[in-house]
Amino acid sequence: MLETSGRLLKLLSLLQSPREWSGAELAERLGVSPRTLRRDVQRLRDLGYPVEAAQGTAGYRLGAGARLPPLLLDDEEAVAVVVALRTGADGSVVGIEESAPRALAKLEHVLPSRLRHRVTTLHTATVRAGAAPAPQVAPDTLMAIAEACRRRERLRFDYTSPRVGSGVRSTEPHSLVSFDRRWYLVAWDTDREDWRTFRVDRLVPRTPTGPRFAPRELPGGDVAAYLARRLSAQTWPFQATILLHEPATVVADRLWPGMGVVEPVDGGSCLLHLGADTARDLAWMITSVDTDFTLVDAPTELAEALRAQATRCLDALRQGPAPEPGRARAAGDGAVVRTARP
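Parameters at a glance
- Residues numbered from 1 in each chain as written.
- Predicted model: local features only at pLDDT ≥ 70, side-chain atom pairs only at ≥ 80, totals over all residues.
- Heavy atoms only, no water.
- Axes fitted to C-alpha atoms, helices over the stretch in contact; angles between N-to-C directions.
- Helix = DSSP H or I, 4+ residues; strand = E, 2+ residues; numbered from the N terminus.
- Parallel < 35°, antiparallel > 145°, perpendicular 65-115°, else oblique.
- Contact = heavy atoms within 4.5 Å.
- Nonpolar A, V, L, I, M, F, W, Y, C, P; charged D, E, K, R; others polar.
- Pairing = 2+ DSSP bridges.
- Core = buried A, V, L, I, M, F, W, Y, C linked by side-chain atoms within 4.5 Å.
- Buried < 20%, exposed > 50% of the residue type's maximum accessible area, 1.4 Å probe, protein only.
- Phe/Tyr/Trp six-rings, centres within 6.5 Å; stacked < 30°, edge-to-face > 60°.
- Salt bridge = Lys/Arg side-chain N within 4 Å of Asp/Glu carboxyl O.

Running from N to C, helix H1 (residues 4-15) and helix H3 (residues 34-46) cross one another at 80 degrees; their axes reach a closest spacing of 10 Å. Of the possible angle classes, the one that applies to H1 and H3 is roughly perpendicular. Counted together, Thr-4, Arg-7, Leu-8, Leu-11, Leu-12 and Leu-15 of H1 and Thr-36, Leu-37, Asp-40, Val-41, Arg-43 and Leu-44 of H3 form the full contact between these two elements. Looking at the contact of H1 with H3, its residues break down into 7 nonpolar, 2 polar and 3 charged.

We now examine the pairing of strand E7 (residues 194-199). Note: strand E6 (residues 182-189) against E7, 6 bridges, orientation antiparallel. Bridging from a neighbouring strand, Tyr-184 pairs with Arg-199 of E7. Counting the residues that bridge the hairpin from E6 to E7 gives 4 residues, and of these Glu-193 lies at a positive phi of roughly 50 degrees.

A separate point is the sheet that holds E7. The pairing of strands in a sheet comes from backbone hydrogen bonds and takes either a parallel or an antiparallel form. Taken in spatial order, the 5 strands make up an open sheet running E7-E6-E5-E4-E8, and their pairing is antiparallel. Among the strands making up the open sheet, the edge pair consists of E7 and strand E8 (203-206). Each adjacent strand pair in this sheet contributes to an overall mean axis angle of 45 degrees, direction not counted. Pairing between strand E4 (residues 155-161) and E8: 4 bridges, direction antiparallel. The residue bridging Tyr-159 from the neighbouring strand is Leu-203, located in E8. Packed onto the sheet, helix H7 (residues 139-151) meets E4, strand E5 (165-179), E6 and E8 and runs at close to 80 degrees relative to E5.

All right, on to the nonpolar core then. Counting residues in hydrophobic clusters, the biggest one holds 20 residues, and the most contacted among them are Ile-242, Leu-244, Leu-274, Val-289 and Leu-302. Elements that contribute at least two residues to this core include exactly strand E9 (238-244), helix H9 (248-251), strand E11 (269-276), helix H10 (279-288) and helix H11 (300-318). Take this core: its biggest share by element is 5 residues, from H10. In contact with Val-289, not counting residues within four places along its chain, are Leu-244, Val-251, Arg-254, Leu-255, Met-259 and Leu-272.

Our focus in this paragraph is the packing of aromatic side chains. Evaluation of the coordinates by the stated rule reveals 4 aromatic pairs. The interplanar angle of 75 degrees and the centroid separation of 6.1 Å between the aromatic rings of Phe-157 and Tyr-159 together place this pair among those described as edge-to-face. Here Phe-157 falls in the buried class, since its relative accessible area comes to 0%. We classify Tyr-159 as buried; its relative accessible area is 8%. Ring centres of Phe-157 and Phe-198 lie 5.1 Å apart, and the angle between their planes is 80 degrees; this geometry places the pair in the edge-to-face category. A residue pair is termed long-range when its members are at least 10 positions apart, and Phe-157 in strand E4 and Phe-198 in strand E7 qualify at 41 residues. By the ring-pair criterion, three or more aromatic residues cluster together here, those being Phe-157, Tyr-159 and Phe-198.

As enumerated under the stated definition, the model contains 16 salt bridges in all. Here Arg-61 ties to Glu-20 by a salt bridge, and the two come within 3.0 Å at their closest N and O atoms. Placement of the pair is Arg-61 in strand E3 (residues 59-62) and Glu-20 in the loop between H1 and strand E1 (21-22), with a sequence separation of 41 residues. Assessed through its relative accessible area of 34%, Arg-61 is described here as partly exposed. Given the relative accessible area of 33%, Glu-20 is considered partly exposed. Here Glu-172 makes a salt bridge to Arg-154, at a shortest N to O gap of 3.6 Å. Taken together, the residues span a long stretch of sequence, with Glu-172 in strand E5 and Arg-154 in the loop between H7 and E4 at a distance of 18 residues.

Structure below.
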């Protein structure tokens, strides 16, 4: 049988899992009698842990208290938290870049040496590339928007748009979305009577919030896909919709993040919405998916770019294999000239 202190730690670890435990289950796990279990539960309560007894089920769970109790993490959980702290603080939320290292230092200080070696090995072998500075938002701004979304209350805010300047917007907020190291609000604009997306770093909420509203159905239902589609349409001068002759689950692995939005059609096809700076870029992006396709909604420049790409490939096949290394074909008479070798 475990000593009392060790038993209390094991009991606390069990109660921190997201489930409800019956008294019989806990007593069996700890190897004690129901009476001893009740005493241990009371000891945890005396230490400030809010152990709740579920009504009617004789079960126990750990509730929310006035302060954060010490957390007991297994090896995999501890490594996961350290990795998340090292990679998750991207600087998009003001203050996270300071609090995350403090939390990381506290956790690494108490890590067993075997776990510290694992996370240090991962950190030293990893290089983070392409990390451009992210626009920062205040935590209070995120919380104000999140609360308005949760309570279904109208949100008014000052908004600065690079196209139309500054102004006050009145919205029915739907969701906050973190996309490409930026924060966006997807909301129904009550003045324009349409769905809109707003960069959170460009808005300042006005308080108090407005009256409650009945939730509206977002087009397509998937807020992440809706935002990606809107950003694609707003950003790129050339957009297209392509019918791919394979299921969405199959082609999804061939798309890199930010390339486009896949929309399932049926068991054998899907739509790909994408955009690019030029029609030529659109052409190679589409052909890189490596499947048959049909143009559904595309500019005439895309058809010309695809035709030029096809002609280029056919011309390469008609020319036959390339000369052997060290040989070059002379222009005009077809003579072969041997090049000098070192």
